[in-house]
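# A structural walkthrough
Okay, here's what each chain looks like letter by letter:
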Amino acid sequence: MAHDDEPVQLIDPETDPLATYVLEPDDVRTLLARVVTSPGHETRTTYAPFTGGPIAAVPLSTPDDVARAVRSARRAQHTWAALPLRRRAAVLLRLHDLVLAHQSDVLDLIQLENGKSRASAYEEVVDVAIVARHYAVRARSYLAPRRSGGILPGLTGTRVLRHPLGVVGVVAPWNFPLTLALSDVLPALVAGNAVVLRPDPQTALTALWAAEQLEAAGLPPGVLQVVVGDGPTVGAAVVEHVDQVSFTGSTATGRVVAQRAAERLIPATLELGGKNPMYVADDVDVETAAEGAVRACFASTGQLCVSIERLYVHEAVAEEFLAAFVRRTRALSLGAGLDYVADVGSLTSAAQLATVVEHVEDALTHGARVLAGGVHRTDLGPFFYEPTILDGVTEDARVHREETFGPVVSVYRVASDDEAVAAMNDSDLGLNASVWTRSTRRGAALAARVRAGTVNVNEGYAAAWTSMGAPQGGRGQSGTGHRHGPEGLWATTATQTVAVQRGVHGLAGVPGIGLRRVYELDAEQWTSMLTGALRVMKALRRP
Ligand code: NAD
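Residues numbered from 1 in each chain as written. Predicted model: local features only at pLDDT ≥ 70, side-chain atom pairs only at ≥ 80, totals over all residues. Heavy atoms only, no water.

In the nomenclature of an unreviewed UniProt entry, the protein corresponds to succinate-semialdehyde dehydrogenase (NADP(+)) from the organism Cellulomonas cellasea DSM 20118. Under the heading Sequence similarities (unreviewed entry), UniProt records this for the protein: "Belongs to the aldehyde dehydrogenase family." The record held by UniProt for the protein lists under Catalytic activity (unreviewed entry) the comment "succinate semialdehyde + NADP(+) + H2O = succinate + NADPH + 2 H(+)". (UniProt positions renumbered as here; feature names shortened; annotations may be inferred.)

### Topic: the pairing of strand β17 (residues 454-457)
A one-sided burial pattern is seen for β17, the buried positions being T454 and N456 and the unburied ones V455 and V457. In this sheet, β17 lies alongside strand β16 (residues 432-436) in parallel orientation, the contact comprising 4 bridges. Opposite S434, over in β17, you have N456 as the bridge partner. Note on the crossover from β16 through helix α16 (residues 440-448) to β17: the handedness is right-handed. (Buried < 20%, exposed > 50% of the residue type's maximum accessible area, 1.4 Å probe, protein only. Helix = DSSP H or I, 4+ residues; strand = E, 2+ residues; numbered from the N terminus. Pairing = 2+ DSSP bridges. Right-handed = clockwise from strand over helix to strand, strands pointing away.)

### Some words on the site of the ligand
Around the ligand sit 28 residues, and of these R198, S250, T253, L272 and E403 come closest. Here an oxygen atom of the ligand sits 2.8 Å away from a polar atom, N or O, in the side chain of W174. Note that a nitrogen atom of the ligand is positioned 2.8 Å from one of the backbone N or O atoms of L272. Considered on its own, the ligand offers 840 Å² of accessible surface; in the complex 87% of this is hidden by protein. Broken down by element, the shell around the ligand gets its largest block of residues, 4 residues, from helix α9 (residues 231-241). For the shell around the ligand, the class distribution of residues is 14 nonpolar, 9 polar and 5 charged. (Near = heavy atom within 4 Å. Polar contact = N/O pair within 3.5 Å; in protein donor to acceptor, adjacent residues only side chain to side chain. Areas by Shrake-Rupley, 256 points an atom, 1.4 Å probe, with all protein chains shown as cover. Nonpolar A, V, L, I, M, F, W, Y, C, P; charged D, E, K, R; others polar.)

### Notes on helix α1 (residues 25-32)
By the burial criterion, the buried members of α1 are V28, L31 and L32. Along α1, the residues classed as buried sweep out an arc of 95° about the axis, all on the same side. Contacts from the buried residues of α1 go to β2 (54-59), α4 (103-114) and α8 (204-216). (Arc of directions from axis to C-beta. Contact = heavy atoms within 4.5 Å.)

### Digging into the UniProt feature "domain: Aldehyde dehydrogenase" (unreviewed entry) in the protein
UniProt records the feature "domain: Aldehyde dehydrogenase" (unreviewed entry) at residues 42-498, using the numbering of this structure. Counted over residues 42-498, helix gives 44% and strand 21%. Its end C-alpha atoms are 49 Å apart.

### Observations concerning the packing of α1 against α8
The interhelical angle for the contact between α1 and α8, taken along N-to-C directions, is 80°, at an axis separation of 9 Å. With respect to their mutual orientation, α1 and α8 come out roughly perpendicular. Facing V28, T30, L31 and L32 of α1, the residues of α8 in contact are L205, L208, W209 and E212. When grouped by side-chain class, the residues that make up the contact of α1 with α8 number 6 nonpolar, 1 polar and 1 charged. (Axes fitted to C-alpha atoms, helices over the stretch in contact; angles between N-to-C directions. Parallel < 35°, antiparallel > 145°, perpendicular 65-115°, else oblique.)

### Topic: the packing of helix α3 (residues 85-101) against α8
One way to put it is that α3 packs onto α8 with a least axis distance of 8 Å and a crossing angle of 125°. Classified by the angle between their axes, α3 and α8 sit oblique to one another. Read as a crossing pair, α3 and α8 show a hand that is right-handed. Across the interface between the two elements, V91, L95, L98 and V99 from α3 touch W209, Q213, L214 and A216 from α8. When grouped by side-chain class, the residues that make up the contact of α3 with α8 number 7 nonpolar, 1 polar and no charged. (Left-handed = near helix turned anticlockwise from the far one by under 90°.)

Structure representation (structure tokens):
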């Protein structure tokens, strides 16, 4: 691990009130020293979205540093995997407590680097706590050998084992700095893997804080390595050296990662973009549905892979629902502040802001109108944009199909459940969806018809996301593989089938009884015996 004497450019306490809340410069220096770098490395100054002021000069790794990080991780992995599972699980349980105990530090960091509201940042704290608890408690059953039978009952004892793959690579984006730094790391670790984590440079401090907490929780040094740098160089280098990769990001980049993983024949879990639909049926309580829609569309300033960007409303309740939805959206408070005052924070970067502005302007050019928002709030900070509801969006507008990844939702009216389902499924993406109806039975039936990896009934995204035992992932262009549940852990393991043939050397120590007799049959006797056995097995409905 490299250490350096780079000055840390923290926000100036004289000029910026946010500075009084964040970590001390020495603490930031300690965090930054965790990045695997070489002497003479470059740095990237990151800027706080709330103010545009500098946060820190983040050290950048090179592709060679990544190769070195993977080698070190590989060495550390053997000892880590050799520990009893309960010792690895105990690290996750301690992490759970540390993250909750020190939440205000990490809430500051998330807000500082990402710009989201504190309430949205808190969702990440909860998420990490429940991921840690879930895998600490469930890893034993998820990793337990599975028994299976051979061709004839009793003849073969088969067990399916799960081994750690080795070094898992996690390439994480900037939109959920804590959640996406740890969601895939924790199951990989508890399964006995080492991990090389590449956070986005913009949110490196949060990821480094997470690494520090893991070590404080008892993770041996070296088992988790953090490299920082751009996607096409450092992110790509991770894919180049690890034994499995978990990538979270856009569909376009996911395709690049998938190609390289395929060439290397390593498994890849790809959690990609969404253009997630919500349906509001004709029997809803409109205020409840409108309140849910506000959270589903604008939490984390809409920079949330599972947030809602298409809203289909049954025409019977459209007028009433939209009145409530618009009123509640307009009432949201925007603001910068490391406290729970503002409902909605800032976008993270100029690039995100540019996409949001482009999508809204393009929609207006194609005939849409703004029901709420549509304003870049330069008075609050460089990247604030009001939560925006668009009506009358036409099929040729970009926002109709392309992911905005910002606080913009398009509303459409539908005349029936069938029309709603058809419209929801009219997308190449299939990450998340939401259905609102008083009848949970109707909701569940509708959900099963929607082509999406998760569907929430009477909730926007959190019900499925926080169901830790259930897989979370995309269909279509939204990705392959899953996080959460046994699937999220199994993705980082190799399955091995060990089949023990019984009776070959005689049964109960008596030579001449057992399989040896079968081996002495001639082909005709053998095939006729087996045919008879197969018929009996089918009659007995043996699997
Ligand atoms: P992006 O694809 O541009 O970048 C994602 C990350 O990949 C970045 O940190 C980038 O540095 C890195 N990267 C770029 N090229 C790479 C390469 N060749 N090899 C390896 N890594 C590379 O996406 P973004 O705009 O930064 O992130 C937002 C996207 O992420 C949205 O599309 C969003 O829906 C998606 N996302 C999905 C989930 C999910 O769980 N499905 C969660 C959060 C975000």
